[in-house]
Amino acid sequence: MLDVLPQQLPNVIPTHIAIIMDGNGRWAKARGLPRIAGHRQGAEAVRRSVESCRELGVSYLTLFAFSSENWKRPASEVDDLMGLLRLYLRREIAELAKNDVRLKIIGDRSKLSDDICALIQEGESRTKLNAGLTLTIAISYGAQAEIVNAARLIAAAHKRGDLDLDEIDEGMFSRFLYTESMPDPDLLIRTSGEQRLSNFMLWQSAYAELLFMDVYWPDFDKQSLMKAIDTFNARDRRFGATSGP
Ligand code: FPP
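Quick look at the structure, then. (Residues numbered from 1 in each chain as written. Predicted model: local features only at pLDDT ≥ 70, side-chain atom pairs only at ≥ 80, totals over all residues. Heavy atoms only, no water.)

1. With respect to the overall build of the chain
(1) Moving on: Each helix and strand counted, the chain has seven helices and six strands in total.
(2) Moving on: Taken from N to C terminus, the helices and strands of the chain fall in the order β-α-α-β-α-β-α-β-α-α-β-β-α.
(3) Moving on: Considering only C-alpha atoms, the chain reaches an extent of 70 × 55 × 35 Å along its principal axes.
(4) Moving on: Intrachain contacts of the chain at a sequence separation of at least 6 include 77% that bridge at least 24 residues.
(5) Moving on: Carbon together with sulfur atoms contributes 50% to the accessible area of the chain, which is approximately 13600 Å² in total. (Helix = DSSP H or I, 4+ residues; strand = E, 2+ residues; numbered from the N terminus. Contact = heavy atoms within 4.5 Å. Areas by Shrake-Rupley, 256 points an atom, 1.4 Å probe, with all protein chains shown as cover.)

2. Comments concerning the layout of surface pockets
(1) Moving on: Taken as a whole, the largest pocket encloses approximately 650 Å³ of empty space.
(2) Moving on: Lining the largest pocket are 30 residues, with Met21, Asn24, Phe64, Ala65 and Asn70 sitting closest to its centre.
(3) Moving on: Looking at the second largest pocket, it is lined by 18 residues, and the ones nearest its centre are Arg102, Lys104, Thr134, Glu180 and Met182.
(4) Moving on: Of the residues forming the lining of the second largest pocket, the biggest block, five residues, is contributed by strand S3 (residues 101–106).
(5) Moving on: Of the residues belonging to the lining of the second largest pocket, the class tally is seven nonpolar, five polar and six charged. (1 Å grid on protein atoms, 1.4 Å probe; cavity = no way out; pocket = protein on both sides within 12 Å on 5 of 7 lines; lining within 4 Å. Points joined across faces, edges and corners; volume = space filled by probe spheres on them. Nonpolar A, V, L, I, M, F, W, Y, C, P; charged D, E, K, R; others polar.)

3. Some remarks on helix H2 (residues 35–56)
(1) Moving on: Between its terminal C-alpha atoms H2 stretches 31 Å, which fits the 32 Å expected from 22 residues at 1.5 Å a residue.
(2) Moving on: Inspection of H2 places Ile36, Ala37, Gly38, His39, Gly42, Ala43, Ala45, Val46, Ser49, Val50, Ser52 and Cys53 among the buried residues, and these make up the whole buried set.
(3) Moving on: Buried positions along H2 lie against helix H1 (24–30), strand S2 (60–67), helix H3 (75–98), S3, strand S4 (133–141) and helix H7 (222–234). (Expected span 1.5 Å × (residues − 1). Buried < 20%, exposed > 50% of the residue type's maximum accessible area, 1.4 Å probe, protein only.)

4. Observations regarding the packing of aromatic side chains
(1) Moving on: Here the structure, examined in full by the defined rule, presents seven aromatic pairs.
(2) Moving on: On the numbers, 5.7 Å between centres and 90° between planes, the contact of Phe64 with Tyr141 is edge-to-face. Note that Phe64 is positioned in strand S2 and Tyr141 in strand S4, a separation of 77 residues in sequence.
(3) Moving on: Looking at Tyr141, the relative accessible area reads 0%, which means it is buried.
(4) Moving on: Each residue in the set Phe64, Tyr141, Tyr178 and Phe200 is aromatic and connected to the rest through ring pairs, giving one cluster. (Phe/Tyr/Trp six-rings, centres within 6.5 Å; stacked < 30°, edge-to-face > 60°.)

5. Description of the site of the ligand
(1) Moving on: Around the ligand, the surrounding shell holds 17 residues, and the nearest of these are Met21, Gly25, Arg26, Arg35 and Arg73.
(2) Moving on: Within the backbone of Gly23, an N or O atom sits 3.4 Å from an oxygen atom of the ligand.
(3) Moving on: Here an oxygen atom of the ligand and a side-chain polar atom of Arg73 are 2.8 Å apart.
(4) Moving on: Look at the ligand: alone it shows 620 Å² of surface, and the protein chains cover 92% of it.
(5) Moving on: In this structure, the ligand is accommodated by the largest pocket.
(6) Moving on: Looking at the shell around the ligand, the elements with two or more residues in it are H1, H2 and H3.
(7) Moving on: Here the residues of the shell around the ligand sort into seven nonpolar, six polar and four charged. (Near = heavy atom within 4 Å. Polar contact = N/O pair within 3.5 Å; in protein donor to acceptor, adjacent residues only side chain to side chain. Sits in = over half its atoms within 2 Å of the grid points.)

6. Some details on the nonpolar core
Side chains of nonpolar character tend, in soluble globular proteins, to be buried together.
(1) Moving on: In this structure, Ile17, Ile19, Val50, Leu61, Leu135 and Ile189 are the most contacted members of the largest nonpolar core, which totals 42 residues.
(2) Moving on: Excluding its chain neighbours within four sequence positions, the residues that come into contact with Ile19 are Leu61, Thr62, Leu63, Phe64, Ile189, Phe200, Trp217 and Phe220.
(3) Moving on: In terms of nonpolar packing, the next biggest core, distinct from the first, is built from 11 residues, Ala18, Leu188, Phe200 and Ala208 among them. (Core = buried A, V, L, I, M, F, W, Y, C linked by side-chain atoms within 4.5 Å.)

7. Observations concerning the pattern of salt bridges
A side chain with one charge may pair with a side chain of the opposite charge, provided their charged atoms come close.
(1) Moving on: The final tally for this structure, using the stated rule, is 16 salt bridges.
(2) Moving on: For the salt bridge of Glu77 with Arg73, the shortest nitrogen-to-oxygen distance reads 2.8 Å.
(3) Moving on: With its nearest N and O atoms 2.8 Å apart, the salt bridge here joins Glu209 to Arg235. Of this pair, Glu209 sits in strand S6 (residues 209–213) while Arg235 is found in the segment after H7, placing the two residues 26 residues apart along the sequence.
(4) Moving on: Residues joined in a network through salt bridges with shared partners are Asp22, Arg26, Arg190, Glu194 and Arg196. (Salt bridge = Lys/Arg side-chain N within 4 Å of Asp/Glu carboxyl O.)

Following this line, the structure appears as structure tokens:
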């Protein structure tokens with residue numbers, strides 16, 4: 001009998017990866033640095049992740065940058081985080097536009113400053129025809145509020161007579177979420193070892209593979225992403241069905 005080595009199948013690249021970027025503060029504390037230093041390195045990890053996702057052929061990357069609950073942090077930290085977002089948008093929009101990345105921001109914009117809203121508008125419109133990677137950044141985002149907002153929009157459409165009650169199903173409901181027609185995440189990663197969803201993409205993650213990684217977000221790099229993709233490939237996704245005959 002021939003001793004044939006099993007063929008190594010290439011990894012399936014998840015279409016949509018969503019990440020709860022956690023551990024910036026602990027990364028800084030472990031080095032005796034202020035929390036802002038962790039957030040700064042976190043912003044570098046964002047740049048690296050966008051680059052790695054482009055290289056690996058990921059189509060959608062969604063990052064949780066600031067939750068609706070993060071407004072409760074001390075004002076100085078909120079200012080620091082908003083400053084970093086402003087800086088990221090100012091510096092990166094041209095790069096994203098050049099690199100075929102489409103930028104989308106989801107969340108409650110009513111609490112953001114006018115200049116950040118203007119930068120978001122600029123970034124989204126300058127990149128709207130790009131099709132390589134869709135980078136979605138969740139800012140002032142909470143999944144429960146997103147679902148309530150969708151319910152309100154649907155109720156209003158029904159009240160106007162634009163929508164019958166029996167037209168409402170899961171597919172149409174999801175088109176009223178901030179993520180609209182985006183495919184649901186296949187893989188949802190949370191860094192830093194915490195094992196919670198913290199109000200992130202609760203509807204969209206119904207069938208996502210969840211992966212909790214023991215790495216602080218500022219240290220997340222291409223190796224970490226490839227490790228996550230390896231783990232994803234070792235999972236048996238059944239979407240509620242059975243795995244075989
Ligand atoms: C969680 O770490 C991280 C955040 C609340 C902010 C994420 C922000 C960035 C990565 C930087 C800016 C983002 C972009 C898109 C440029 P934590 O502060 O909760 O860490 P801890 O749990 O260790 O204290």
